[in-house]
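# Architecture and fold: a report
Next come the chains, spelled out residue by residue.
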Amino acid sequence: MQPDHTEHAMTVTRPRHLFLHFAGAAVTKLAPPLVQLGLLLLVARESTLDDVGRLALASAASFLCGALAELGFATTLSIPRPTFGTAAPPLRQTGRVRVASAFAGSVLYVVLWGAGLGGHDAVFLLAAPLPFSLALSYGYAGAMNASGRLRIEGAVSVAESVAIVAIAVAGSLVGSALAWSLVALTVGRAAGTVARAILVRDLPQSAGETVGPLFRAQLPFALATLAIVFQGQADMLAIGFFGTLGLAGLYGPLLRTTYSTLLSAEAFSWGLYGDAHPDERPVGGLLARHWRAASIALGTVLAIGFALLAEPFLRFLLHRSLPNLTLPIALFSVVIVLRFATLVLNVEILRAGRQRDEIPVLAVASVVLAVGAVVAARAASIGGLAGARLASEGIIAAGYFALARRVPGASRRRERAAPAPRRVPGGRLRLLVATPFPPNLDGAHGGSRVISQFLARMAERHDVALVCLRHPRDPEVDPVLRSRLALVVEVDRPDWSATRLRRLAGGLRTRLRLFAGTPLWACDVDVAAYRERLRAVLAEWRPDVVQIEYTVMGTYLPQLEEAGVPIVLVEPDPATNAALDLQRVSRRHRLLRRLDVLAWKQFEPSVLRRVDAAVVYTERDARILSPRTPPRVLSCIPFGTDFVERFSSSDGAAGGADVLFFGSFVHFPNVDAARRLKETIFPLVRARHPRSSLYIVGENPPPELAAGRDGQVVVTGRVPDLAPYIALAGVVAVPIRLGSGMRVKVLEALAAGKPVVASRLAIEGLGVVDGEQLLTAETDDEFAERISLVLDDDGLRARLGAHARAWAEQNLTWSATLDRFDELYSRLLRP
């Protein structure tokens, strides 16, 4: 493959206003059916219902042949990089194939006519050249889409449509309205094709001589196009061969009216294939960022409008009395909603390079439609034809929904740019870290503290850059940490709870994306501005290694992979298992939680297959993720804590009779543990220690953890520093029974030399011994008994604290952790 020198041109020629791009897409898709409706109106008033049927059949057959002959180039030329490996559309290199195929489309039209379509009526041959023009025009439109210039295609479509209508109206004054309508379509489309061929010369095109194995690249799209087009026209073909012209004259306009609404969805999704997608243009505006919700909302509105207006519109269009169309119109209203949902899913499937996966679904749907349409055409049943169409669309929607949730194969090609020059392993590296929140040395939750401590110490060895998301309620990156890093970029994350309207919009957005297979948290952290800043930092700062904290940041793998450097995932708490825990204990939104689990089961393995290394903190988490991870990718590296340095060896012995639990209540296992401690465990402790109080410390405590009026329970919310609360506590209780990962709260309490009573799950993988460094408990009674035991026995308290401190000094320093990460980076950077 020859090198492509058009990347810069593609970048600088992007239009400023995406509205014009989507408007062009809408005009391109909507102009042909609107012209068709105009021609049907003309023929219906000037001729018979049979002639209306002839026009509908000729139009359907010419579109079928032209779309088949297009071979999917409208799609592949819209996305040249993943299909041809070029930055710009290879129009010249594919020209011979496209022209030959277009000619074959016109030949196919004549063959269908000869086989009996329309009863061998010679008037059909007036449209024989039409498939040739249509096939070439679709390819040119794809090239315009690739560079975000569909506004040009829209302008040509408008001019073309005006010419067709003018020719048809003028011709009908002197001859047959049907014959002149077909002539107008043929001449007008031919003129439009010539105009497009001239205009695309000014657009970016691939400069290479070849585009690789064209047949192999184009075949999946050609097969998918065959299935799509046949499914779109199978019912009209069935009428053409097995029905009557009168039936075609009724059903054709009804189908055309339905698909005039559907083509608005196709226009919007088609406009997102190329340069206008938020992944390619992160500042695309409100419409591009929320295109999924906009598509579904538009489909619902159009379905309602169609149900109300279709029958009076058809009476006006055909200018005659009609049979009862209530049932077919109701069925087609459902078809509209299904098709809009399908096209939302199709954008993600296609951009993921999985077009070939759609072919079996479309094939089954086509067979169902063809069989049902033949039966209905023989019975002259419009309701039967509409029912067959609805069944076919339902199969496609269900199939695409399943495809959107399927895990991409491990062999999926990762498109990476040429890698930056790498430094010698063992030297000072450039490490870029991406996080879903701002790290803080005194953060409200353990993940924030661990990440910030890691970054602060790693910055002593390497140049470290941080790009993080920040919710309006999050504090900024810790000033001390900021001073140690080479670069800090904070990107605001939208607050979807700010107003009632935003809550509704945010809820609709996350549920639609959840339906398409995106986990709820991934929806929250998917921010277009973050993609833009990430791209800029990757291009300007040129890291040697990229590290993402939490699997959810795999949302940005498409951007990170462009840098061509190793990508490391650090997962403190395996996401699928966390979602399963939440589903098991959730009392509300059970279906939502179930869908979230299913989404994580697809999202998490797909991320693990695409990173170069994955790090977990405990052997238990390694066992959980091992079946989902390719060989030699997963490592277990326990983290450290700076509480060893912040507390002296004597601090742990201090403290009174109070019980402490701390953690972020954004994390549901903490909510469950605190609720259990307050409602069942602490009352038992209080019965034996009336002066004892329970301190619950952490951000976002739920209402059910409200403080007691008598001071028995103190709920602080977020505090600037945990250390004073740990120092003054008599014992730290950790009755965790959900989740995984290393419990930061346990390690920090041990490092402070504080007596700890914890569940076995809370200390799993730590290597501590019950009765030596801490006490373990499982039931509520056991927790109450062991907490009381510590509060009653000063000697036990001192002994546990001393042993905990000694263990922490030996096992929880950051030096060993950083050495393990350095070894990992060096291995990834070796040639």
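Up top you'll find the structure we're talking about.
For clarity, every value in this text was computed on a predicted model and none was experimentally measured. (Residues numbered from 1 in each chain as written. Predicted model: local features only at pLDDT ≥ 70, side-chain atom pairs only at ≥ 80, totals over all residues. Heavy atoms only, no water.)

### Remarks on the overall build of the protein chain
- A count of helical and extended segments in the protein chain gives 32 helices and 13 strands.
- Each of the 831 residues in the protein chain was classed as buried or not, and the buried ones make up 59%.
- Here the analysis covers contacts within the protein chain between residues at least 6 apart in sequence; of these, 77% occur between residues at least 24 apart.
- Taken as a whole, the protein chain presents about 32,500 Å² of accessible surface, with 59% of it coming from carbon and sulfur. (Helix = DSSP H or I, 4+ residues; strand = E, 2+ residues; numbered from the N terminus. Buried < 20%, exposed > 50% of the residue type's maximum accessible area, 1.4 Å probe, protein only. Contact = heavy atoms within 4.5 Å. Areas by Shrake-Rupley, 256 points an atom, 1.4 Å probe, with all protein chains shown as cover.)

### Comments concerning the pattern of salt bridges
- If you walk through the whole model with that rule in mind, you get 22 salt bridges.
- When the shortest N-O distance is used, the salt bridge between Asp-51 and Arg-54 registers 2.7 Å. Of this pair, Asp-51 and Arg-54 both sit in helix 3 (residues 49–70), three residues apart, which is roughly one turn of that helix. Arg-54 matches Asp-51 in its accessibility class, with the two residues each being buried.
- Connected via shared salt-bridge partners are Asp-235, Arg-339, Arg-389 and Glu-393. (Salt bridge = Lys/Arg side-chain N within 4 Å of Asp/Glu carboxyl O.)

### A few points about the packing of aromatic side chains
- Per the stated rule, a full pass over the model turns up nine aromatic pairs.
- Geometrically, the ring pair formed by Tyr-530 and Tyr-556 is tilted, given 4.6 Å between the ring centres and 50 degrees between the ring planes. Here Tyr-530, found in helix 21 (residues 528–541), pairs with Tyr-556, found in the loop between strand 4 (545–549) and helix 22 (557–561); they are 26 residues apart in sequence, far enough to count as distant.
- Take Tyr-530: its relative accessible area is 0%, and that puts it in the buried class.
- An aromatic cluster is built from Phe-454, Trp-814, Phe-821 and Tyr-825, whose rings are joined through pairwise contacts.
- Positioned above the aromatic ring of Phe-316 is the side chain of Arg-45, whose terminal nitrogen or guanidinium carbon lies 5.0 Å from the ring centre.
- The positively charged end of Arg-430 is found above the aromatic ring belonging to Trp-541, 4.7 Å away from the centroid. (Phe/Tyr/Trp six-rings, centres within 6.5 Å; stacked < 30°, edge-to-face > 60°. Lys NZ or Arg CZ within 6 Å of the ring centre and 35° of its normal.)

### Description of the sheet that holds strand 13 (residues 775–776)
- One open sheet accounts for six strands, arranged 10-9-8-11-12-13; its pairing is parallel. The open sheet has two edge strands with one neighbour each: strand 10 (713–717) and strand 13.
- With four bridges joining them, strand 8 (residues 659–662) and strand 9 (residues 694–697) adopt parallel strand pairing. Bridge pairing in strand 9 links Leu-660 to Tyr-695. (Pairing = 2+ DSSP bridges.)

### Some details on helix 9 (residues 177–199)
- Here helix 9 is 23 residues long and its end C-alpha atoms lie 32 Å apart, about the 33 Å a rise of 1.5 Å per residue gives.
- All of the buried residues along helix 9 are Ala-177, Leu-178, Ser-181, Leu-182, Ala-184, Leu-185, Thr-186, Gly-188, Arg-189, Gly-192, Thr-193 and Arg-196.
- The opening residue of helix 9 is Ser-176, an N-cap whose side-chain oxygen sits 3.3 Å from the backbone nitrogen of Leu-178. (Expected span 1.5 Å × (residues − 1). Polar contact = N/O pair within 3.5 Å; in protein donor to acceptor, adjacent residues only side chain to side chain.)

### Structural notes on the sheet that holds strand 7 (residues 634–636)
- In space, the seven strands of this open sheet follow the order 3-2-1-4-5-6-7, with parallel pairing throughout. Edge positions in the sheet fall to strand 3 (487–492) and strand 7, since each has one partner strand and no second. Averaged over all adjacent pairs, the angle separating strand axes in this sheet is 20 degrees, with direction ignored.
- In terms of strand pairing, strand 6 (residues 613–616) meets strand 7 through three bridges, oriented parallel. If you follow Ala-614 over to strand 7, its bridge partner there is Leu-634. (Axes fitted to C-alpha atoms, helices over the stretch in contact; angles between N-to-C directions.)

### Quick notes on helix 32 (residues 814–829)
- Taking 1.5 Å per residue as the helical rise, helix 32 with its 16 residues ought to reach 22 Å, and the 23 Å between its terminal C-alpha atoms agrees with that figure.
- Those residues of helix 32 that fall on the buried side of the exposure criterion are Trp-814, Thr-817, Leu-818, Phe-821, Asp-822, Leu-824, Tyr-825, Ser-826, Leu-828 and Leu-829.

### Some remarks on the packing of helix 3 against helix 7 (residues 130–146)
- Orientation of helix 3 relative to helix 7, taken along the N-to-C sense of each, is 45 degrees, at an axis distance of 8 Å. Classified by the interaxial angle, the pair formed by helix 3 and helix 7 is oblique. Every pair of crossing elements has a handedness; the one defined by helix 3 and helix 7 is right-handed. In contact with Ser-62, Phe-63, Cys-65, Gly-66, Ala-67, Ala-69 and Glu-70 of helix 3, helix 7 contributes Leu-130, Pro-131, Leu-134, Ala-135 and Tyr-138.
- When the residues that make up the contact of helix 3 with helix 7 are grouped by side-chain class, the tally is nine nonpolar, two polar and one charged. (Parallel < 35°, antiparallel > 145°, perpendicular 65-115°, else oblique. Left-handed = near helix turned anticlockwise from the far one by under 90°. Nonpolar A, V, L, I, M, F, W, Y, C, P; charged D, E, K, R; others polar.)

### Considerations on the side chain of Gln-547
- Note that Gln-547 resides in strand 4.
- Relative accessible area serves as the criterion here: at 0%, Gln-547 is assigned to the buried category.
- A polar atom in the side chain of Gln-547 sits 2.5 Å from the side chain of Tyr-825.
- With sequence-adjacent residues up to four places away left out, Gln-547 is seen in contact with Leu-431, Leu-432, Val-433, Ala-434, Phe-454, Val-568, Val-570, Phe-821 and Tyr-825.

### Quick look at the pairing of strand 1 (residues 430–435)
- Most of strand 1 is tucked away, with five of its six residues classed as buried.
- Two elements, strand 1 and strand 2 (residues 463–470), share six bridges in a ladder whose sense is parallel. What sits directly across from Thr-435, in strand 2, is Cys-468.
- Where strand 1 and strand 4 come together, four bridges link them in parallel fashion. Among the inter-strand pairings, Leu-432 is bridged to a residue of strand 4, identified as Val-546.

### Some points on unusual backbone geometry
- A positive phi is found at Tyr-550, a non-glycine position, where the angle reads about 80 degrees.
- For Arg-632, which is not glycine, the phi torsion reads 60 degrees and is therefore positive.
- For Arg-632, the position within the fold is in the loop between helix 25 (619–625) and strand 7.
- For Arg-632, a relative accessible area of 75% corresponds to the exposed category.

### Regarding a nonpolar patch on the surface
- A cluster of nonpolar side chains, contributed by Val-99, Phe-103, Val-107, Leu-108, Val-111 and Phe-132, occupies part of the molecular surface with about 490 Å² of accessible area.
- Tracing the chain through its elements places Val-107 in helix 6 (residues 95–114). (Patch = residues over 30% accessible without salt bridge, like charges linked within 9 Å, V, L, I, M, F, W, Y side chains within 5 Å.)

### Considering the environment of Gln-547
- Between the alpha carbons of Gln-547 and Ala-614 there is a distance of 9.5 Å; along the sequence they are 67 residues apart.
- Here Glu-549 takes part through its side chain, which lies 2.9 Å from a polar atom of the side chain of Gln-547.

### What about the environment of Val-734?
- The residue Val-734 is located in strand 11 (residues 731–734) in this model.
- Aside from chain neighbours lying at most four places away, what touches Val-734 is Phe-661, Lys-745, Val-746, Val-756, Val-757, Ala-758, Ser-759, Ala-762 and Phe-783.

### Some thoughts on the side chain of Glu-604
- Secondary-structure assignment places Glu-604 in helix 24 (residues 590–610).
- A distance of 2.8 Å separates the side chain of Glu-604 from the side chain of Thr-576, its partner in a polar contact.
- Among all residues touching Glu-604, those that are not within four sequence positions of it are Thr-551, Pro-574, Ala-575, Thr-576, Leu-625 and Arg-628.

### Brief notes about the nonpolar core
- Ranked by internal contacts, the top residues of the largest apolar core, which has 129 residues, are Leu-432, Leu-455, Tyr-530, Val-568, Ile-787 and Tyr-825.
- Among the nonpolar cores identified, the runner-up in size contains 69 residues, and Trp-113, Leu-130, Leu-318 and Leu-390 belong to it. (Core = buried A, V, L, I, M, F, W, Y, C linked by side-chain atoms within 4.5 Å.)

### Focus on the environment of Tyr-140
- With respect to the secondary-structure elements, Tyr-140 resides in helix 7.
- On the basis of relative accessible area, Tyr-140 is assigned to the buried category, the value being 13%.
- Residues Tyr-140 and Leu-91, 49 residues apart in the sequence, show an inter-C-alpha distance of 8.1 Å.
- For Tyr-140, the residues in contact, after removing those within four places along its chain, are Leu-91, Arg-98, Thr-193, Arg-196, Ala-197 and Val-200.

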